[in-house]
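Structural features, examined
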There are 2 protein chains.
Amino acid sequence: MHPLQKKRLEYIPQIPSLLLKPNEVVFTRKLQERKGASHLKHLFPKTWEQRGAELVAGNGRKTPLRIGLFFSGGQAPGGHNVIAGIWDTIQRISTSSQLIGFINGPAGLIEKKWRYLKGGEIDEVRNMGGFDLIGSGRTKIETPDQFSACLQVCNELTLDGLVVIGGDDSNTNAATLAEYFLVNECPTKVVGVPKTIDGDLRSDEIEMSFGFDSACKTYAEMIGNIARDAKSAKKYTHFIKLMGRSASHITLECAIATHPNLALIGEEGKNLEAIVAEIADLIETRKGQGKEYGVILIPEGLLEFIPEMKALIVELNQLLAKGETQESLKQKNKTLFYSLPSKIQAQLLLERDSHGNVALSQIETEELLIELVKEELGRRSFKGKFSPVAHFFGYEGRSCYPSNFDANYCYALGCMAALGIRDEMSGALCAIQNLAQDQEAWQCSLVPIVQLMQMEERKGMQKPVIAKALVNLESKPFLHFAKNRESWKFDDEYQNPGPMQFFGEKEITDTVPFTMR
Amino acid sequence: MHPLQKKRLEYIPQIPSLLLKPNEVVFTRKLQERKGASHLKHLFPKTWEQRGAELVAGNGRKTPLRIGLFFSGGQAPGGHNVIAGIWDTIQRISTSSQLIGFINGPAGLIEKKWRYLKGGEIDEVRNMGGFDLIGSGRTKIETPDQFSACLQVCNELTLDGLVVIGGDDSNTNAATLAEYFLVNECPTKVVGVPKTIDGDLRSDEIEMSFGFDSACKTYAEMIGNIARDAKSAKKYTHFIKLMGRSASHITLECAIATHPNLALIGEEGKNLEAIVAEIADLIETRKGQGKEYGVILIPEGLLEFIPEMKALIVELNQLLAKGETQESLKQKNKTLFYSLPSKIQAQLLLERDSHGNVALSQIETEELLIELVKEELGRRSFKGKFSPVAHFFGYEGRSCYPSNFDANYCYALGCMAALGIRDEMSGALCAIQNLAQDQEAWQCSLVPIVQLMQMEERKGMQKPVIAKALVNLESKPFLHFAKNRESWKFDDEYQNPGPMQFFGEKEITDTVPFTMR
């Protein structure tokens, strides 16, 4: 085993000292008003009644706990520490407590594939990336049969609680499951933990989902390296697409960390022509400065925000569903379709997700932009060199070593999930406020998931879901970015965050995301 | 500026204490026999006469020095420290010494584009990646006009010495230039510094080129992350191509660091069918174990070592040079050509380097293998899932933060280059032995470049060049790899080297490459 891996296994996460004394704390219902979501009351009659809770001093119950858990969706660094936090807490409460891991995500629960998790194997993944201890999966708990299977398994295993470690969809699932269990008098409490590198599971209460910090630090390391290389070689324009489904949080965070020449933020809603023109302008102006190189960041979800691409895709989805072809597109959409590079046309026609829709994430946005910029530069009779290099950073950051921030945060979230179950909360999400401050200032609460939900169309039906938090164009981080980006375009103020550090001074090892500061 | 960047600027490279006292050391000609290369004597009559030199205690000259330098070829982490080492040494010798940086590589020398380098700006790039202080370039010094331009510039600038920081080709150039200067009585001494992340500039004397360690650590960090993700998601087979032109050193080093399921080593010379069969076997067997995922490393230079691809490319080069097409290929090559995916066929016909040859590095070997493996699995009626994801890691590692090893090594090389010039060595390459040991055990010598050279065909003519060091299939590192790779195939022994660390215990911060141990 690598020496660093060995050392990291020994790292003790830094968390509020309250969380280390489970017998001296309790989650108590807050007295303040419920927020919004009253139109969801009829869908969640039981959980709607519940209020949020905060952790305060008190006499905690000491009875042994049996807790089940699963990972849901894509990996995020720190997941193993959530498990470690739960394990340590239930052991501190009673050494007779037991932890059950459902294998490969929600499917493990539905299909009753599980195993006991023991201290020894948990010790082998402390502060380590990945979800490999029990795997993850993307099965959604949707059908009545699936709900009843879950209930039966939780009853059979006599679980006090179930911890769902997942993103917006998975925690929507957690809320529905909690309600279903309450209605059907299953004693298993369901508590969610906010996971996603995308950073789009955020609210007033949820300052950050776990994994975002580590993933962004890994991407920013690579972007900084590439920018330094670009400035040295002076030959290539790097188009770097960054993972993160819809929202552009990762791109914004990495932009603030590295100062690329351009970072596209989907939420600005620019049209394709404007984006291509902006890149072409950048390349022309830099060429005028003798700089035939550059670095451009592209969020994976960009296309979803481009109005005319959205319109094209909506119509294309409808036509293809009816068995028609792109030939039947309305004139405007048809013109756009045929103006796209043939590779992208083919991807629009071929790549469909499980609902038959165009799988936007499969479309190579970075290649699309490169092709369109080439054409645009051609139209402008650009005389310089334009040597684009495409990159996609995603898998590199999903299972990296968790940063100290994520290691600490996740361990605390695990402790809270265990305590929430002990204190009989259900349908709630673990939330910590004041995350940018010292751990002792962290405020631990449980937020009813229903408060984060709204009705949205899914497969043609209105469904209650957790709203994805997009980049707020009025927020401090975005405004900071917007204020500085013009000088980044031409002045090559590239920054080198470098590799994540785990030893040494806190200002190097314990930073929090820029977009959270 | 990022706190880590600030901290790294302050790092003091650890080098043999001898190098810190330039006035108390001298390079002295070794007495041992010249090695080999006697058939090159007529090409290098002057430098051939010179012997290697070693650094010993003595009274060093204290006259001010004027040294010019340039970077040549691709970036390698640590380059800036070579400059810092030279600068600090000539300042220690005399504060009237001056350092001249030629801009954007050898072209800067030929075209007399240069500027003085000063302490302040050098302080801003200490221990930092990239070559951005003065840029780099790939111009070769080949024509009589170019040689005479170089001589004129060095004379005009009254340079005591010229430091060439480059790989095999650039140091071949350094040797030729040194000879030319000696013959033409130009007093400028030419000293080379072994740079290349590829790790193929090695010999008995040159244990390692600089940059290899840092680049491999960066790639290994990413590979480890992806492997952990693969094992967690259980969905994808990652085909990771690694930079490194011909030789497979980077792939071998990263394989030993991360234990992928398969790492192809070009030097084994397997044919295409065998490689595809090996991958298909791997996927089938793992599928049998319930593992529909994996990690495969591919060296950038793989195709050059595949006998039938080599034969195809040689014939294709000849045909295309004569204006003929692939239709005129011999039957065997024609069959192979048409068995390749159409995208690769197009690349073989279209992508040519500056000599009109197929640019192998432009061919997407990872995509080629993916397509061929898909076809092979189809022929085998494979029933499992095969979801390949292609990656190419290159630019991420060329300009990353230098590891402590590279930071130390490069600084020492810079000190040696300056001392070598002071002690009137020319046509020599800086070499340190015992690199895997503590710095005080490092042995500093200057090796006549001509000793590393042999005759090879270039553009149809026999030319003296530095022989590229390929992976030695009898070497300890390769044998270690070969012994273990079967268990890596199926047992998922993935290792997580994690991000490079700069603070903390030496076993974490000061490791040397596995392939050097």
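Predicted model only: the values in this text are computed from it and were never measured.

Some remarks on the overall build of chain A
- On a plain count of helices and strands, chain A comes out with 19 helices and 15 strands.
- The C-alpha atoms of chain A give a radius of gyration of 24 Å, which matches the 24 Å a tight globule of 517 residues would have.
- Across the 517 residues in chain A, those meeting the buried criterion constitute 53%.
- Here the analysis covers contacts within chain A between residues at least 6 apart in sequence; of these, 78% occur between residues at least 24 apart.

Some thoughts on the domain arrangement of chain A
- Examined at the domain level, chain A breaks down into domain 1 (3-211 + 402-458) and domain 2 (218-395).
- Its residues assigned to classes, the side of domain 1 of chain A that touches domain 2 of chain A comprises 1 nonpolar, 1 polar and 2 charged.

Regarding the sheet that holds strand 9 (residues 262-263) of chain B
All names here are of chain B.
- Read from one edge to the other, the open sheet built from 4 strands follows the order 9-10-8-11, with strand pairing classed as parallel. Every other strand in the sheet has two partners, leaving strand 9 and strand 11 (388-393) as the edge strands with one partner each.
- Here strand 9 runs beside strand 10 (residues 294-299); their pairing, made up of 2 bridges, is parallel. Residue A263 lies in a different strand from strand 10, and its bridge partner there is L297.
- Here helix 10 (residues 272-288) sits on the sheet and contacts strand 8 (237-242), strand 9 and strand 10; the angle it forms with strand 10, its principal contact strand, is near 170°.

A few points about the relation of the copies chain A and chain B
- After a rotation of 180° and a shift along the axis of 0.0 Å, chain A superposes on chain B with an RMSD of 0.0 Å. In symmetry terms, the pair is related by a two-fold rotation axis.
- Here 98% of the interface residues in chain A have copies in chain B that are interface residues too; the copies meet face to matching face.

As for the interface of chain A and chain B
- Contact residues are listed per partner, giving 43 residues for chain A and 42 residues for chain B.
- Those elements that place two or more of their residues in the side of chain A that touches chain B are helix 1 (3-9), helix 8 (212-233), helix 16 (395-398) and helix 19 (506-509) of chain A.
- The dominant element in the side of chain A that touches chain B, judged by the number of residues it contributes, is helix 8 of chain A, at 10 residues.
- Taken together, the residues that form the side of chain A that touches chain B break down as 17 nonpolar, 16 polar and 10 charged.

Looking at the packing of helix 12 (residues 307-321) of chain A against helix 13 (residues 331-339) of chain A
All names here are of chain A.
- In contact at an axis separation of 10 Å, helix 12 and helix 13 are set at 105° when each is read in the N-to-C sense. When the axis of helix 12 is compared with that of helix 13, the two are roughly perpendicular. Residue-level contacts link E308, A311, L312 and E315 of helix 12 to N333, L336 and F337 of helix 13.

Focus on the confidence of the model for chain A
- A residue-level look at chain A finds 97% of positions with pLDDT of 70 or above and a mean pLDDT of 94.
- For this predicted complex, the interface confidence reaches an ipTM of 0.96, while the overall pTM sits at 0.97.

Considering the sheet that holds strand 2 (residues 53-57) of chain A
Residue and element names in this part refer to chain A.
- Across the sheet, 9 strands lie side by side as 1-2-13-12-7-6-3-4-5; this open sheet has mixed pairing. If you trace the sheet from one side to the other, it starts and ends with strand 1 (25-29) and strand 5 (114-117), each paired once. Within this sheet the neighbouring strands show an average axis-to-axis angle of 30°, counted without direction.
- Against the sheet, helix 17 (residues 404-422) contacts strand 1, strand 2, strand 3 (66-71), strand 6 (161-166), strand 7 (189-194), strand 12 (428-433) and strand 13 (443-448), and its axis sits at roughly 135° relative to strand 12.

Here we look at the packing of helix 10 of chain B against helix 15 (residues 365-379) of chain B
All names here are of chain B.
- The interhelical angle for the contact between helix 10 and helix 15, taken along N-to-C directions, is 65°, at an axis separation of 9 Å. The interaxial crossing formed by helix 10 with helix 15 has right-handed handedness. Contacts between helix 10 and helix 15 involve V276, A277, I279, A280 and I283 from the first element and L369, L372, V373, E376 and L377 from the second.
- By residue class, the composition of the contact of helix 10 with helix 15 is 9 nonpolar, no polar and 1 charged.

Rules used in this analysis
- Residues numbered from 1 in each chain as written.
- Chains lettered and ligands numbered in written order.
- Predicted model: local features only at pLDDT ≥ 70, side-chain atom pairs only at ≥ 80, totals over all residues.
- Helix = DSSP H or I, 4+ residues; strand = E, 2+ residues; numbered from the N terminus.
- Rg over C-alpha atoms; globule rule 2.2 N^0.38 Å.
- Buried ≥ 20, exposed ≤ 12 C-beta atoms within 10 Å, placed from the backbone.
- Contact = placed C-beta atoms within 7 Å.
- Domains from an automatic or database assignment.
- Nonpolar A, V, L, I, M, F, W, Y, C, P; charged D, E, K, R; others polar.
- Pairing = 2+ DSSP bridges.
- Axes fitted to C-alpha atoms, helices over the stretch in contact; angles between N-to-C directions.
- Least-squares fit on C-alpha atoms with pLDDT ≥ 70 in both.
- Parallel < 35°, antiparallel > 145°, perpendicular 65-115°, else oblique.
- pLDDT = per-residue confidence, 0-100.
- Left-handed = near helix turned anticlockwise from the far one by under 90°.

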